[in-house]
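The lines below spell out each chain.
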Amino acid sequence: KVKSLSDLPGVGQSILNKLVEAGYSTLESVAVASPQDLSVAAGIPQTTAQRIIKEARDALDIRFKTALEVKKERMNTKKITTSSQALDGLLGGGIETRTMTEFFGEFGSGKTQLCHQLSVNVQLPPEKGGLNGKAVYIDTEGTFRWERIEAMSKSVGLDPDTAMNNIYYMRAINSDHQMAIVEDLQELIVKDPAIKLVIVDSVTSHFRAEYPGRENLAVRQQKMNKHLHQLVRLAEMYDLATIITNQVMARPDMFYGDPTVAVGGHTLYHVPGIRIQIKKSRGNKRIARVVDAPHLPEGEVVFAITEEGVRD
Ligand code: ADP
Ligand code: MG
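### Some remarks on the pairing of strand β3 (residues 100-105)
A large share of β3 lies buried, amounting to six of its six residues. Taking every second residue as pointing to the same face, both faces of β3 are buried, with M100, E102 and F104 on one and T101, F103 and G105 on the other. Pairing geometry for β3 and strand β7 (residues 241-247), over six bridges, is parallel. Its bridge partner lying in β7, T101 is registered against I243. One ladder, built from five bridges, connects β3 with strand β8 (residues 274-280); its direction is parallel. In the strand pairing of β8, E102 is matched with R275.

As structure tokens, then:
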């Protein structure tokens with residue numbers, strides 16, 4: 001199966017180098033290029049460019065499908081339990097594969113705890129709400145704690161050391177590093193197909209710190225978009241779940257619409273996926289709300305964060 005540019009028939013090392021140099025480093029970027037642009041940028045004949053584009057589109061399955069095919073694809077998505085029945089109910093069973101799920105909310109709302117819980121739960125057998133899978137945890141804020149994995153895995157009946165061994169962890173130092181990790185992830189996923197969950201916690205913090213203010217908005221969004229679409233593609237290509245977190249400030253002065261959308265214009269609502277807003281409530285209680293998901297009913301649920309992890 002074609003997984004990257006170099007797998008395309010007729011793309012040898014020299015054409016590959018030219019493409020990458022010209023900024024076409026992924027199947028996606030080639031698939032949506034025009035033959036003229038690709039031909040000029042990579043210095044290859046237009047007919048060759050045309051053929052490569054066609055092959056990239058085939059590899060990515062970019063074509064008309066019937067609604068029935070779409071249905072069958074959707075029926076194949078699998079779910080990972082959050083360990084809260086209420087939250088699972090809100091999500092139609094749990095976090096979906098082939099989908100990017102965003103947890104957004106203010107500091108301390110529980111985004112990181114949910115990420116820990118899901119990187120444990122993906123390892124559960126299907127009858128307990130998992131996928132017998134492994135997780136990749138990309139940590140940009142240094143808030144990953146093995147102690148939480150240990151506690152959460154014990155309480156769902158997994159051996160803690162085995163559970164920790166099934167989580168690939170990497171600290172992303174800056175936004176370029178973060179993007180590079182995701183770009184290279186395909187290699188690891190091909191090597192270890194048990195990987196069923198990829199987490200970036202938080203997806204936005206480096207970008208915000210490095211590209212502050214209005215004047216940097218365009219370049220920040222451009223980079224973010226590329227990064228997010230790569231995460232979406234990973235989910236679709238390898239039938240895995242991707243989770244991103246995004247810290248947003250609550251705006252008590254805003255009464256209408258989504259109270260967090262407007263803050264700094266940072267939110268990711270233009271990227272495909274499911275967005276879940278988490279709000280603090282009394283004590284260890286949290287409120288979760290699905291925001292503009294095309295196939296999920298609107299509503300709110302309450303869950304809790306305990307010593308054992310996410311619970312009802
Ligand atoms: P966010 O990532 O949204 O900023 P976190 O996921 O880090 O927030 O959530 C932090 C909260 O999780 C803490 O304020 C606390 O309520 C809860 N929490 C963290 N660790 C534990 C624990 N060991 N036992 C119980 N609750 C915990
Ligand atoms: Mg966090």
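### Observations concerning the side chain of E102
Looking at the element boundaries, E102 is found in strand β3. A relative accessible area of 3% means that E102 is categorised as buried. A polar atom in the side chain of E102 sits 3.0 Å from the side chain of R275.

### A look at the site of ligand 1
The full set close to ligand 1 counts 13 residues, and G108, G110, K111, T112 and Q113 are the nearest of them. In this structure, G108 approaches ligand 1 through a main-chain N or O atom, which is 2.7 Å from an oxygen atom. Within the side chain of T112, a nitrogen or oxygen atom sits 2.8 Å from an oxygen atom of ligand 1. Burial of ligand 1 by the protein amounts to 68% of the accessible area it has alone, namely 570 Å². Every element with two or more residues in the shell around ligand 1 is listed here: α7 (111-121) and β10 (300-306). Broken down by element, the residue count for the shell around ligand 1 peaks at three residues, all from α7.

### Looking at unusual backbone geometry
Cis rather than trans, the peptide bond between D201 and S202 has omega equal to -5 degrees. Following the sequence through the fold, S202 ends up in the loop between β6 (195-201) and α11 (205-210). Despite not being glycine, N132 has its phi angle at roughly 50 degrees, a positive value. Structurally, N132 can be placed in the loop between α7 and β4 (134-139). Judged by relative accessible area, N132 falls into the exposed class, the value being 51%. One non-glycine residue with positive phi stands out, namely D239, at about 50 degrees. Residue position: D239 is located in the loop between α12 (217-238) and β7. Residue classification places D239 among the buried residues on the basis of a relative accessible area of 12%.

Analysis parameters
- Residues numbered from 1 in each chain as written.
- Chains lettered and ligands numbered in written order.
- Predicted model: local features only at pLDDT ≥ 70, side-chain atom pairs only at ≥ 80, totals over all residues.
- Heavy atoms only, no water.
- Buried < 20%, exposed > 50% of the residue type's maximum accessible area, 1.4 Å probe, protein only.
- Helix = DSSP H or I, 4+ residues; strand = E, 2+ residues; numbered from the N terminus.
- Pairing = 2+ DSSP bridges.
- Polar contact = N/O pair within 3.5 Å; in protein donor to acceptor, adjacent residues only side chain to side chain.
- Near = heavy atom within 4 Å.
- Areas by Shrake-Rupley, 256 points an atom, 1.4 Å probe, with all protein chains shown as cover.

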